Every structure is written in C-alpha cells, then in structure tokens.
Amino acid sequence: MKRFFIGALAFIGALSILFVVGVVGLLMLAASSKPGVPSNLVLELDLQQPLPEYTLDTSLAGAFGEEPTSLRDVVEGLEKAATDSRVKSLVVRIGQPGSAAQVQELRDAVKAFRASGKRAVAYADGFGEAGNGTGAYYLASAFDSVYIQPSGDVGLTGLTMETPFARDAFAKFGVKPEFGKRAEFKNAVNTFTDESYGPHQREATEAYGGSLFRQVVKGVAEGRKLSEDEVRALIDRAPFMGQAAVDAKLVDGLRYRDEIHDELKQQAGDGAEFLYVEKYLERAGRPNQTGTSTIALIYGVGEVLRGKSQSNPLGGQVMGGDTVAAAFRKAVEDPSVKAIVFRVDSPGGSYSASDTIRREVQRAREAGKPVIVTMGTYAASGGYFVAMAGDKIVAQPGTLTGSIGVYNGKFVTSELWAKLGVNFDTIAFGKNATFASSDQEFTPEQRAQLESELDTIYLDFTSRAAQARNMPLEKLQAVAKGRVWTGEDALERGLVDALGGYPKALELAKQAAKLDKDAPVRVVVFPRPRPTGQVLSELLGKHEADNSDDEAGSHAAMSSQVLEQVRAVYRVGAKLGLTGPGAEGRMLYAPLPEVRW
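Since the structure is predicted, the reported quantities are computational estimates derived from the model, not experimental observations.

Visitor: I'd like to hear about the overall build of the protein chain, residue by residue, with values.
Guide: Along its length, the protein chain carries 23 helices and 25 strands. Looking at the protein chain residue by residue over its 597 residues, the buried ones come to 51%. Carbon and sulfur atoms make up 53% of the accessible area of the protein chain, which totals about 27000 Å².

What follows is the structure, given as structure tokens:
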C-alpha cells in the first residue's frame, strides 16, 4: 500500500510537470504566430508611467505575460520606424515619463524620428492638474505638436529638490547613527545625522538642481521656439489653464484624444491603423540585428551587491557583481564580439562587488574588446566605480553621476530596545567581534579602524578614477569629495566623455572597434537569455550550469523570491537600524535626491 501511494504521488507530480510544460509550449506556439506590420500605420505610445531601464530575463515572463516595455525598446522602435515607409507618424500620451535622463533619452529618440520627415504629436489630459507637470511637459516640447484637452492645464512650474532628515526622529526612538565618510560632499548619511541641509550638501544640491533647471529651460525654448528668458517668465507664471496655455504658445490647441487620433488617421491615408511602438518593434524586428560583427550589450542596473543579479519583489533591481562580471567574461570569449556597450543605471552599493565588475571591464579592454559605458538615470558612487574603467563614458545631460566617495558605519539601537523592554547581553570572542554590532557603540580603537578603512577606500577610488580618466590625482580629488554632478557638469570636469544615450554609445563602440559608421552590426544582450525549458527546470530544482561562469551568468532563481521578500523587509529595517548594521554592503552609495517636477 505504501508503494502504491508513493507511485500515485509520483504519477500525479509527473502529470503536473507535463501540464506546465504543455501550457508553456502552447503559449510559445501562440506567440510565434503573430500578425505582421500593417502597410499604413500610426505608431502609438503610452507614457503614463516611467519605462523600466531593464527587466531581468526569466524567460517565463514572456511566456505567461508580456514583458514590460523598456526604455531601449522605445528608442529602438522609433529608430526602426524612422526608416520604415509604412510608418507615417507618432502619437504619444504623456503622463509620468520618469527621470531627467530618461526624458532626455526619449527626447533624443523623438527628435531623430522627426528628422526623417515624420510627424510626432504629444498629448495629455493635462500636464500636472494642480500639480507639477514640468518633467512631462519637457518631454512634450520635443514633439511637432502638443495638445491638452479643454479641461487640462500646463503645470510648468519648475522643479524642487527634496531630502528627508530624520536626526530628531532617531533621537526620539533611541537610535544613534555612527558613521564616517569621505569626503565633505558625501551626503548619503546626512539624512540620519542632520536636521536640514548643511552648507556642502546645499551647495551640491543647488548646483545639481540648477543644472537640471537650465537644461529644461533650454529644451523647452528650443522645442517651442521661444527665448530662454520667455520660458523662465512662463515658469514663474505657471500653471496655465486651457486657453491660457495656448495663448502662452505652450500648446498648439485644445483637443480630445479622439480628435487627435482622427486627424492623424486621416493624414496617414486610407486604411491607416494604430499600433503600439512595442508591438511594432516585436513584429518588425529590432534594428542592429544584421552583420557578422557583434556589439555586446551588458546591463548594470540597480544597487551593486555581491552575488547574482536579481529583482527585488518590493521594487527595484540588484546589480549582482557575479552576474555582470560573468557577462563580461562571456562577451570577451565570444570571437564575434568586437566591442561592449555597458549600460549603467545605479546609485552604487558594495565596494567589493563594484571592484569585481570594474576588474572585468579592465580585463575586457586588455583582451582587445573596447568598452563604451552609457549612463542612465544615475551612475554614482559604486555606479561610477564600475563605469570609470571604460574606454569612453557617455551620459545624458541630466544623469546624476560622480559621488566619488565612501561612507560606512552602523546604527546603534540598544537604547531603542531598552525603551521597549528588551535588553541584549553579548559574549564576544575577539577584541573587535562587536565591530558591526548594533548593540554597542564603536570603541575608540574601532572608530580609528573605521576611519582608516575609509581613508584606504577613498584613496583607492580616487586613484583608480584618476588613472582611468587620465588626470592627476589632485585634479580628480578636487571634483571628487563625494560630490554628485549632472552629466553636463561631469563632461566639463572630465568625468565623462560625451553626452547622449544608446545611439551615441553604439556609434562610439563601432568607432572603437574600427568598424565603419554605417556598418551593420548585431547588438546582443549578455548574458544571453536562457531557454524557457532551462528556466522551468531550474524552478523544479534542476540546475544546468556546467561551471561557475554559467552559474554566475544566470539571475537569481525565481524559487528564491519568497526568501528575497523576507530579505527585502530586513533591508528596510536595516536602513533604520532595526535589523543589523544599516550600511551593510553600501559603502559606495549615493541615493538620488527626490526631484519633484
């Protein structure tokens, strides 16, 4: 009887596995028989929410549901459409387009699309609706025409920089932040130790925000054919309702969605259809997919930590040092790869994980594979550390970069727990066994050790950056000090080489690989996506990796997501000093100031 039940359970389990495999197979078969591209179409794009920079490939995501449209998808979709005679125009609904760098990447793509002679139209219910619509309108100003509906408004009111300060709250709860930093502009810890902007943080934040504001003014002025003084005056008068926005030459008319779509369909001609940009790209195929030469595209997105890249179930991604390093090694080993484009979108994190990636960037160059870095929303602190060894660095004008500095320390929570009636008693073996303990403050000797560690890491960071950027150490340290810069300001100071996005990086990659500017190339993402069957087998507990590179080149298995949820909650607590050392793994970290626009 026992054997019978065991056999029955095994049979049911086998049937369950076959059912899952069958469902996946049917979904993949259905996906393979997709309709073609209409012969006469208007591209459509909805930007109600920011586009993700990159979504970690799990393969099953595409089988059980559509993968999110990425920023690169839109950029390449518009690039493809610009030379496709079937595409007549573009219409985009704009809501929350994302960071300054993301908006600028989209603006560049729209302007390149328009340069082919095709019309691009932006519309919104309103830009802001009693809120701040500056970022959304900044994107819209790159289009041929901008419309709002009659009840809409244009909240072109400027931008604000907002940073929370919790020193007094920590004091009330009995949490004592004990941190050290290098240097004076490394402001990541100020949230815990200060009650407002200090002189250095205010100087850096005002400079960063001022640079962004000038970029917005310039972009709107160029797009709407106004002077910069006129735009500044309009910003100081905003928001504008309906007809007032038309009179101010900020919009071209008051129209509803149906009126805009009817006009574009009529202009496109008989039989015109609307098609989302992502659907068009899926059916028409990506650009840069032909040729014998390959350009490897490697993503470094999210907080830099040791181990594998993974998605945080509570939001965000982790740039795993092992995964990104393995991707570089695979690209170097591939004889068809002539150059590497490294897309970095990271506020930094672990010093050791950042150094792991930097080392592989250096090794790729030594192996004769040029590395061109393209920066997204930010590439700061550890994000700059992994980028600085590239042959060339490309940033958007609004990218937050720099923050060449370091901090470390811990939250001491013994008083908090005492208030709650909880006492921790410690028996330690080793004079510095309590170095990272949240129950005890640093001893004078431990504090001296912490300061020595910060000095060592800061000197290593600045020395490597000076060597990579080919400038004297003193000059590099003058623009380091933990200070953040916009990409535009970083270019002036020699921290980056050019302004732009994906297309500029690809251009420089071809140049570095000694390929003709118009030479056809294949852009291939590394690590390569895994087959659905492999992902499914990993879900069932079978690992296909033959060696450590194959193992590291994959992403964290989906079966670990429940555990990762617990870890994510733990990390939130760690930031507040409630669960272990708050700065664990984040020595090279630069949180992005919240920009309200």
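Visitor: Describe a nonpolar patch on the surface, with residues and values.
Guide: A contiguous nonpolar surface patch, about 290 Å² in accessible area, is contributed by Leu-420, Val-422 and Phe-424. Following the sequence through the fold, Val-422 ends up in the loop between α16 (414-419) and α17 (444-468).

Visitor: Lay out unusual backbone geometry with the relevant residues and their values.
Guide: Each neighbour pair has its own omega, and for Arg-182 with Ala-183 the value is 10°, a cis peptide bond. Its place among the elements puts Ala-183 in the loop between β7 (176-182) and α7 (190-193). A cis amide bond links Phe-526 with the next residue in sequence, Pro-527, at an omega value of -5°. By secondary structure assignment, the location of Pro-527 is in the loop between β23 (521-526) and α21 (532-539). In this structure, Ser-381 is a non-glycine residue whose phi angle is positive, near 55°. Secondary-structure assignment places Ser-381 in the loop between β17 (371-380) and α15 (382-387).

Visitor: Residue-level account of the side chain of Asp-460, with values.
Guide: Note on placement: Asp-460 falls in helix α17. Of note is the side chain of Asp-460, whose polar atom sits 2.6 Å from the side chain of Tyr-351. Side-chain polar atoms of Asp-460 contact the side chain of Arg-464, separated by 2.9 Å.

Visitor: How would you sum up the environment of Arg-483? Please name residues and give values.
Guide: By the element assignment, Arg-483 lies in the loop between α18 (473-479) and β21 (484-486). Relative accessible area serves as the criterion here: at 13%, Arg-483 is assigned to the buried category. Considered as a pair, Arg-483 and Gly-405 are 78 residues apart in the sequence and their alpha carbons are 7.7 Å apart. If we skip the residues at most four places from it in the chain, Arg-483 touches Phe-185, Glu-203, Ala-204, Ala-207, Thr-401, Gly-402, Ser-403 and Ile-404. Within the local environment of Arg-483, its side chain forms a polar contact with the side chain of Glu-203, the two groups lying 3.0 Å apart.

Visitor: With reference to specific residues and values, describe the side chain of Asp-345.
Guide: Positionally, Asp-345 belongs in strand β15 (residues 337-346). Among buried Asp, Glu, Lys and Arg side chains, Asp-345 stands out as unpaired, with Arg-343 the closest opposite charge at 6.4 Å. In terms of polar contacts, Asp-345 uses its side chain to reach the backbone amide nitrogen of Thr-377, at 3.0 Å. A polar atom in the side chain of Asp-345 sits 3.2 Å from the backbone nitrogen of Tyr-378. Sequence-distant contacts of Asp-345, defined by excluding residues within four places in its chain, comprise Glu-53, Gly-300, Val-301, Gly-302, Gly-376, Thr-377 and Tyr-378.

Visitor: Any details on empty space enclosed by the protein? Residues and values, ideally.
Guide: Throughout the structure, instances matching the rule amount to 3 cavities of 30 Å³ or more. At the level of secondary structure, the elements contributing two or more residues to the lining of the largest cavity comprise α3 (71-82), β11 (293-301) and α20 (502-512). Grouping the amino acids of the lining of the largest cavity by side-chain chemistry returns 9 nonpolar, 1 polar and 3 charged. In this model, the second largest cavity occupies a volume close to 120 Å³. As for the second largest cavity, its lining consists of 17 residues, of which Tyr-54, Leu-56, Tyr-299, Ser-309 and Val-324 are closest to the centre. Of all elements in the fold, only β11, β14 (317-320), α13 (321-333) and β23 reach the threshold of two or more residues within the lining of the second largest cavity. Counting residues per element, the lining of the second largest cavity draws most heavily on β11, at 4 residues. Grouping the amino acids of the lining of the second largest cavity by side-chain chemistry returns 12 nonpolar, 5 polar and no charged.

Visitor: Could you give me a rundown of helix α12 (residues 277-284), with the residues and numbers involved?
Guide: What sets the pattern is the α-helix's 3.6 residues per turn: residues three or four places apart point alike. For α12, the complete set of buried residues consists of Val-277, Tyr-280 and Leu-281. Buried residues of α12 fall within an arc of 100° about the axis and therefore sit on the same side. On the buried face of α12, the contacting elements are β1 (41-47), α3, β2 (87-94) and β10 (273-276). Positive phi shows up at Gly-285, right after α12, with a value of about 90°.

Visitor: Mind laying out the pattern of salt bridges, listing which residues take part and the relevant values?
Guide: If you walk through the whole model with that rule in mind, you get 31 salt bridges. Each of Arg-72, Asp-73, Glu-76 and Arg-286 takes part in salt bridges that share partners, so that together they form one network.

Visitor: Report on the nonpolar core, specifying residues and quantitative values.
Guide: Across soluble globular proteins, nonpolar side chains have a tendency to be buried as a group. Core analysis: the largest hydrophobic core is formed by 64 residues, its most contacted members being Leu-43, Leu-90, Ile-94, Phe-127, Phe-143 and Val-154. For Phe-143, the contacting residues outside a window of four places in its chain are Leu-90, Val-92, Ile-94, Val-110, Arg-114, Ala-120, Val-121 and Ala-122. Core analysis: the next-biggest nonpolar cluster, separate from the first, contains 51 residues, Val-324, Val-344, Ala-353 and Leu-454 among them.

Visitor: Talk me through the pairing of β23; I want residue IDs and the actual numbers.
Guide: Burial runs high along β23: 5 of the 6 residues are buried. Two elements, β11 and β23, share 6 bridges in a ladder whose sense is parallel. Within β23, the residue paired with Thr-294 across the bridge is Arg-522.

Cut-off values and rules
Note that residues are indexed from 1 along each chain, following the sequence as it is written. The model is predicted, so local features are restricted to residues of pLDDT at least 70 and side-chain atom pairs to those at 80 or more, both for listing and for counting; the totals for chains, interfaces and linings are taken over all residues. Calculation of side-chain values draws on the structure's entire complement of heavy atoms; hydrogens and water are dropped beforehand. Under the DSSP-based scheme used, a helix requires at least four consecutive residues in state H or I and a strand at least two consecutive residues in state E, with every element numbered from the N terminus. Relative accessibility under 20% of the residue-type maximum defines a buried residue, over 50% an exposed one, and the middle range a partly exposed one, all with a 1.4 Å probe and only protein chains included. Throughout, the Shrake-Rupley method with a 1.4 Å probe supplies accessible areas, and for residues the shown protein chains are the sole cover considered. Only residues above 30% relative accessible area that lack a salt bridge enter a patch, with like-charged residues linked at up to 9 Å and the nonpolar side chains Val, Leu, Ile, Met, Phe, Trp and Tyr linked at up to 5 Å. The term salt bridge refers to a side-chain nitrogen of Lys or Arg lying within 4 Å of a carboxyl oxygen of Asp or Glu. Pairs of N or O atoms are called polar contacts if they sit within 3.5 Å, as long as, within protein, a hydrogen donor faces a hydrogen acceptor (for residues adjacent in sequence, only side-chain-to-side-chain pairs). It only takes one pair of heavy atoms within 4.5 Å for two residues to be counted as in contact. Neither His nor the chain ends contribute to the count of charged residues, in which Lys and Arg are positive and Asp and Glu negative. Definitions used for this entry: grid spacing 1 Å over protein atoms alone; cavity, a set of points where a 1.4 Å probe fits but cannot get out; pocket, an open set with protein on both sides within 12 Å along at least 5 of 7 lines; lining residue, one with an atom within 4 Å of a point. Grid points are joined across faces, edges and corners, and a volume is the space filled by probe spheres set on the points. Three residue categories are used. Nonpolar comprises Ala, Val, Leu, Ile, Met, Phe, Trp, Tyr, Cys and Pro, charged comprises Asp, Glu, Lys and Arg, and polar comprises the others, including Gly. Arc definition: it is the arc formed by the directions from the helix axis to the C-beta atoms. Note on terminology: a nonpolar core comprises buried Ala, Val, Leu, Ile, Met, Phe, Trp, Tyr and Cys residues joined through side-chain atoms within 4.5 Å. Two strands make a pair as long as DSSP finds a minimum of two bridges between them.

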